[in-house]
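Now for the letters of each chain:
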There are 4 protein chains.
Amino acid sequence: MIKKLKAWWEALMRNEELKKKLYTIIFESDTPMGKLFDVVLIILIIFSVHLVFIESMEVPLSIKPWLMRAEYFFTIVFTAEYVLRLYCSPKPKDYALSFFGIIDLVATLPFYMTWLFGSARYLLIIRVFRLIRVFRVFKLFHFLREGNLLLRSIILSSRKIFVFFLFVVTLVTSLGTVMYMIEGDLPGTQFTNIPKSIYWAIVTMTTVGYGDVTPVTGLGRFLSSLVMLLGYTIMAVPTGIVSVSMMNLRDAEKREATQEDSDEVEEENMRIVERMKTEDEEFLADDEPNYCPYCGGSILFSGANFCPHCGRNLKV
Amino acid sequence: MIKKLKAWWEALMRNEELKKKLYTIIFESDTPMGKLFDVVLIILIIFSVHLVFIESMEVPLSIKPWLMRAEYFFTIVFTAEYVLRLYCSPKPKDYALSFFGIIDLVATLPFYMTWLFGSARYLLIIRVFRLIRVFRVFKLFHFLREGNLLLRSIILSSRKIFVFFLFVVTLVTSLGTVMYMIEGDLPGTQFTNIPKSIYWAIVTMTTVGYGDVTPVTGLGRFLSSLVMLLGYTIMAVPTGIVSVSMMNLRDAEKREATQEDSDEVEEENMRIVERMKTEDEEFLADDEPNYCPYCGGSILFSGANFCPHCGRNLKV
Amino acid sequence: MIKKLKAWWEALMRNEELKKKLYTIIFESDTPMGKLFDVVLIILIIFSVHLVFIESMEVPLSIKPWLMRAEYFFTIVFTAEYVLRLYCSPKPKDYALSFFGIIDLVATLPFYMTWLFGSARYLLIIRVFRLIRVFRVFKLFHFLREGNLLLRSIILSSRKIFVFFLFVVTLVTSLGTVMYMIEGDLPGTQFTNIPKSIYWAIVTMTTVGYGDVTPVTGLGRFLSSLVMLLGYTIMAVPTGIVSVSMMNLRDAEKREATQEDSDEVEEENMRIVERMKTEDEEFLADDEPNYCPYCGGSILFSGANFCPHCGRNLKV
Amino acid sequence: MIKKLKAWWEALMRNEELKKKLYTIIFESDTPMGKLFDVVLIILIIFSVHLVFIESMEVPLSIKPWLMRAEYFFTIVFTAEYVLRLYCSPKPKDYALSFFGIIDLVATLPFYMTWLFGSARYLLIIRVFRLIRVFRVFKLFHFLREGNLLLRSIILSSRKIFVFFLFVVTLVTSLGTVMYMIEGDLPGTQFTNIPKSIYWAIVTMTTVGYGDVTPVTGLGRFLSSLVMLLGYTIMAVPTGIVSVSMMNLRDAEKREATQEDSDEVEEENMRIVERMKTEDEEFLADDEPNYCPYCGGSILFSGANFCPHCGRNLKV
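A. Representation of the pattern of salt bridges within the structure. All chains considered together, the criterion is met by 18 salt bridges over all chains. In this structure, A:Glu71 engages A:Arg133 in a salt bridge whose closest nitrogen and oxygen atoms are separated by 3.2 Å. One end of the pair, A:Glu71, is in helix 4 (residues 64-88); the other, A:Arg133, is in the loop between helix 7 (123-132) and helix 8 (138-142), and 62 residues separate them in sequence. By relative accessible area, which is 6% here, A:Glu71 ends up buried. The exposure class assigned to A:Arg133 is buried, which follows from its relative accessible area of 7%. Where B:Lys19 meets B:Glu16, a salt bridge forms, and the shortest distance between an N and an O atom there is 4.0 Å. On the criterion of helical spacing, the pair formed by B:Lys19 and B:Glu16 is a turn pair, its members being three residues apart in helix 2 (residues 16-26). Connected via shared salt-bridge partners are A:Glu55, A:Glu71 and A:Arg133.

B. Broad picture of the relation of the copies chain A and chain D. Superposition of chain A onto chain D requires a rotation of 90 degrees combined with a translation of 0.0 Å along the rotation axis, giving an RMSD of 0.1 Å. What the superposition gives is, in effect, a four-fold axis relating one chain to the other. Of all interface residues in chain A, a mere 18% are interface residues in chain D too; the two copies therefore contact each other through different surfaces.

C. Inspection of the nonpolar core at higher detail. By size, the foremost hydrophobic cluster in this structure holds 213 residues, and its most contacted members are A:Ile234 and B:Ile234. Among the nonpolar cores identified, the runner-up in size contains five residues, and A:Leu22, A:Ile25, A:Ile26 and A:Tyr87 belong to it.

D. Region of interest: the interface of chain A and chain D. Chain A puts 49 residues into the contact, and the matching count from chain D is 47 residues. Between chain A and chain D lies a buried interface of about 4,300 Å² when both sides are counted; carbon and sulfur atoms form 75% of it. Considering only the surface of chain A that becomes buried against chain D, A:Met228, A:Leu229 and A:Tyr232 emerge as the three largest contributors, covering 16% of it. On inspection of chain A and its partner chain D, the count reaches zero salt bridges. Our count for the chain A to chain D interface comes out at six residue pairs in polar contact (both at pLDDT 80 or more). Mapped by element, the contributors of at least two residues to the side of chain A that touches chain D are helix 10 (158-183), helix 11 (194-205), helix 12 (218-234) and helix 13 (236-277) of chain A. It is helix 10 of chain A that contributes the most residues to the side of chain A that touches chain D, 14 residues altogether. Along the lines of polarity and charge, the residues of the side of chain A that touches chain D split into 26 nonpolar, 18 polar and five charged.

Rules used throughout
Residues numbered from 1 in each chain as written. Chains lettered and ligands numbered in written order. Predicted model: local features only at pLDDT ≥ 70, side-chain atom pairs only at ≥ 80, totals over all residues. Heavy atoms only, no water. Salt bridge = Lys/Arg side-chain N within 4 Å of Asp/Glu carboxyl O. Helix = DSSP H or I, 4+ residues; strand = E, 2+ residues; numbered from the N terminus. Buried < 20%, exposed > 50% of the residue type's maximum accessible area, 1.4 Å probe, protein only. Least-squares fit on C-alpha atoms with pLDDT ≥ 70 in both. Contact = heavy atoms within 4.5 Å. Core = buried A, V, L, I, M, F, W, Y, C linked by side-chain atoms within 4.5 Å. Buried area = accessible area lost by both parts, 1.4 Å probe. Polar contact = N/O pair within 3.5 Å; in protein donor to acceptor, adjacent residues only side chain to side chain. Nonpolar A, V, L, I, M, F, W, Y, C, P; charged D, E, K, R; others polar.

Put into structure tokens, the structure is as follows:
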């Protein structure tokens with residue numbers, strides 16, 4: 001019996017064809033099956049995240065068994081997903097140690113932990129693990145291609161943004177300290193220590209302005225005003241950084257596009273004579289996408305920069 | 001008598017000249033009459049919206065009859081406008097089902113509903129319908145041409161902005177959950193459940209900072225500071241997106257301006273296209289613009305929504 | 001006696017030389033006297049504005065007479081300034097009816113009104129007139145050249161910004177109304193009428209977030225979150241508008257600068273031969289500014305784009 | 001004995017080799033030792049700043065002696081650093097009078113003052129000196145190269161930003177005054193005087209929105225809404241300024257990159273300059289960079305702070 005199981009296991013482990021097929025479905029999204037898998041997974045994640053939300057609220061007792069059943073269901077589904085991902089991944093270790101690998105594992109654990117130890121023990125850890133499931137929402141972001149551009153432009157400017165961060169941190173540290181000097185000794189002051197004063201400086205400079213810690217003296221209000229105006233102005237710096245880095249990405253894209261374009265004009269001139277003699281199917285250059293990769297509409301004009309149906313940039 | 005009325009009705013329905021004349025006045029704003037109609041309508045809308053405002057406030061009893069009379073007046077005027085629009089529109093159904101068609105209808109209904117059912121019944125629905133009249137303010141926006149550019153640059157970057165939205169949503173979901181982990185168990189905490197904690201995260205990250213939900217522990221304040229600094233920094237991302245897309249529109253406009261001198265290549269292309277067109281005329285519907293009104297490029301695909309050269313919306 | 005006075009008056013009125021001299025001092029700031037006048041005026045304005053501040057606060061009785069004396073002093077000085085401006089202005093009426101003309105007049109009135117009517121009567125008007133003196137701070141802004149660029153780029157994009165304004169106004173109107181629908185009927189609600197709900201929508205969408213009006217229901221918080229995210233995102237639109245219009249101004253400047261540059265290269269080639277034979281004073285092109293107009297430092301390199309002392313752009 | 005000490009002191013003072021070696025380690029960060037010194041110093045600064053934080057909080061008595069010992073340790077370390085910096089600096093006076101020179105000195109003083117005068121006297125000054133140590137966090141910023149670019153783009157646009165600042169100051173002054181006119185006379189108003197009203201205007205226009213001072217009348221809320229919308233919109237101005245100045249820096253960099261191929265004109269200019277230089281060598285100080293390290297343009301004026309070609313800061 002065990003021998004048979006072991007043989008079956010080994011056959012399964014060596015079944016590269018099945019692995020590849022599953023990989024295409026689970027990790028990629030080019031095939032209809034892959035797309036279906038993605039959509040179903042997104043819906044399941046959204047529902048499971050809302051389940052965590054509902055569990056955190058006070059609910060009538062009559063709903064509790066339904067929540068339990070939903071827990072069972074999601075535990076089974078996500079355990080299956082985790083196992084399949086491990087199985088078909090070419091480098092299972094890399095997946096297991098990746099951000100989503102850990103999240104996927106953690107998301108299935110709370111149920112098994114309750115089963116193993118009883119719900120009474122390790123309660124805090126189980127609770128935290130339950131909440132961690134919410135982090136799976138990041139998978140939503142994972143499915144969108146456009147995100148890469150944003151991410152790229154943020155990564156390109158990450159060093160500068162880090163410096164800006166550091167600059168802001170040093171600024172709020174010193175401004176919070178100055179505020180502590182000014183209002184720290186007043187009876188009933190809210191600036192009871194430096195960290196709280198720095199918290200105030202951050203709340204003020206980022207223009208959040210909770211109002212839970214506010215100055216009461218004239219001098220305190222004056223410093224406060226300076227911090228606000230400073231925050232209001234230097235807000236421009238990260239914006240400038242990101243704008244310029246996005247502009248750089250755009251220019252890089254455009255340069256390619258115009259290069260293709262000017263190549264095209266030359267080629268076009270060459271093609272004019274040929275074209276005159278040929279039928280209208282020649283009208284469409286073979287090396288051009290005849291269908292918009294975004295909306296699937298047909299593109300009749302060779303060298304089109306934008307899809308005439310959805311307006312998306314075809315040269316990106 | 002009925003026969004006569006019916007004949008008159010049919011004559012009216014077939015009176016294309018009157019329809020066209022009314023259409024020019026009501027739907028367009030190129031003629032003096034059309035402009036006058038627009039201005040009068042804007043003033044009436046502003047007054048009627050203020051009437052809704054006043055009705056929501058506590059007013060002295062002596063004013064109430066005047067409000068009633070104003071209600072009568074606006075109901076008559078907007079009913080007339082609605083009927084005339086339906087009458088002269090070449091596709092009445094399209095108008096009736098459009099956003100403004102529905103708003104226009106709904107804006108006239110409350111009075112008739114009160115008349116039909118008495119003010120006592122269906123009170124909530126009548127109340128909601130009354131308030132919906134406020135949405136007619138969007139018509140104000142409709143009258144301005146400049147809006148199209150803003151709209152276009154937002155539409156061009158809508159995908160990226162949606163991704164950013166999604167990114168922010170996943171971020172506040174997880175940050176709210178972490179805050180719930182930190183301060184959710186404190187006695188008298190304001191972070192009573194995850195949705196409320198997410199609400200806090202949104203209030204904080206968008207730098208709104210109501211202060212109705214604030215952290216009280218040191219760790220909570222530290223996370224809060226991180227969320228603020230994060231929100232303060234990633235605010236740069238939508239700005240960068242919109243700036244770049246506006247820059248793109250500007251560049252496209254500039255290119256046209258500079259192209260006026262060196263349009264020879266374009267003209268060459270035009271001539272080719274012309275030839276092609278004569279060869280397959282059935283391809284292009286005659287009622288469609290064959291040239292992009294923005295960049296002058298030829299549009300081969302009848303029913304194109306966007307220019308394949310410059311990506312501008314042809315349907316605006 | 002009166003005859004003599006009249007003759008003197010007419011002579012004064014016809015004294016174009018004196019008028020011109022005074023005009024140079026008072027309205028222009030190119031001469032040393034004009035600069036001195038400006039600086040003295042700025043200092044006087046700042047002091048008089050602070051006097052208004054101090055008068056609004058509770059001060060010890062012992063200071064009151066000093067405030068009175070300062071009032072006398074400023075009234076005399078600003079009356080003299082107003083009369084001189086009227087006298088030397090080529091179009092006194094235009095000045096008198098300009099924003100600063102009215103402010104200058106109003107700033108001198110409170111004292112005379114107290115003198116004429118007694119301080120008991122017209123008290124409110126006198127009080128308002130006193131406060132209006134604060135508006136003279138706008139003169140500070142008037143003295144700076146750099147302001148023009150900012151102003152120009154704002155004016156260039158004013159139409160678009162107005163459309164954005166209108167868009168925001170329609171948005172907050174409808175969002176405030178929706179919030180009134182949601183929370184307007186709750187007992188003890190803060191959304192007591194539509195205008196107050198619109199005030200809440202503005203507070204929220206501009207990310208100010210006073211927290212004096214906040215939602216209490218789940219649905220209200222959800223709408224609130226949407227409004228915040230919306231405000232956080234569309235904030236990008238005015239930024240994009242202003243950035244692009246500034247970019248346009250910069251490009252226009254650069255185009256001129258590069259045109260001058262390329263002209264310069266040609267001229268430079270012509271000058272090379274001449275230069276070789278001449279002494280080092282020839283090194284400085286006569287048509288170039290030899291001194292930085294900003295910091296006064298000497299510029300040795302003809303065709304310098306930036307001042308080597310202060311780094312300012314010399315081609316602007 | 002004293003003679004010997006004096007001789008040793010003089011030898012030390014004249015030991016240029018040791019000075020140079022120490023200078024390389026302490027002031028520069030190119031060598032492994034220099035890098036190590038920097039890293040250790042950063043860590044020590046971070047710890048010492050946290051020590052100041054902890055001292056401002058209420059701590060259990062058992063920790064107090066440990067804080068005292070940490071104080072001793074940091075005093076010794078930073079005194080040593082200060083003395084070494086003074087010793088190896090080629091211009092000790094310049095260092096002593098620089099921002100960090102003063103901070104470094106002040107950071108070591110509190111301990112010695114307690115020792116000299118006893119902790120009872122001069123308590124406030126000692127306390128302030130202790131807090132000033134926090135300002136050493138600015139050294140963190142000093143270590144990062146990327147900061148220069150940010151700083152440079154801010155410096156380049158500093159004049160414009162200052163004008164914007166001034167504009168905002170005049171705006172909040174007048175808007176605060178108007179609000180004082182509106183709500184200053186109400187019983188129990190929070191707008192008790194003009195400075196507090198200006199504080200409110202700053203809190204509102206920078207979109208901070210503490211909510212500690214809020215309008216209560218309809219007119220006050222209306223003005224408030226205007227201030228918010230204004231602040232929300234003009235926020236775009238500093239962003240535009242900084243974006244454009246960053247764009248300028250980027251373009252300057254790009255121009256260099258593209259110029260590498262077509263440097264012939266530049267080289268021609270170089271050769272001319274070379275000739276000129278040989279003719280008036282006394283003009284150029286030998287220890288000055290004769291070529292801009294950024295754009296390669298020749299710098300004729302010895303002691304130039306900025307490159308006359310590209311405007312970059314040569315002293316950074």
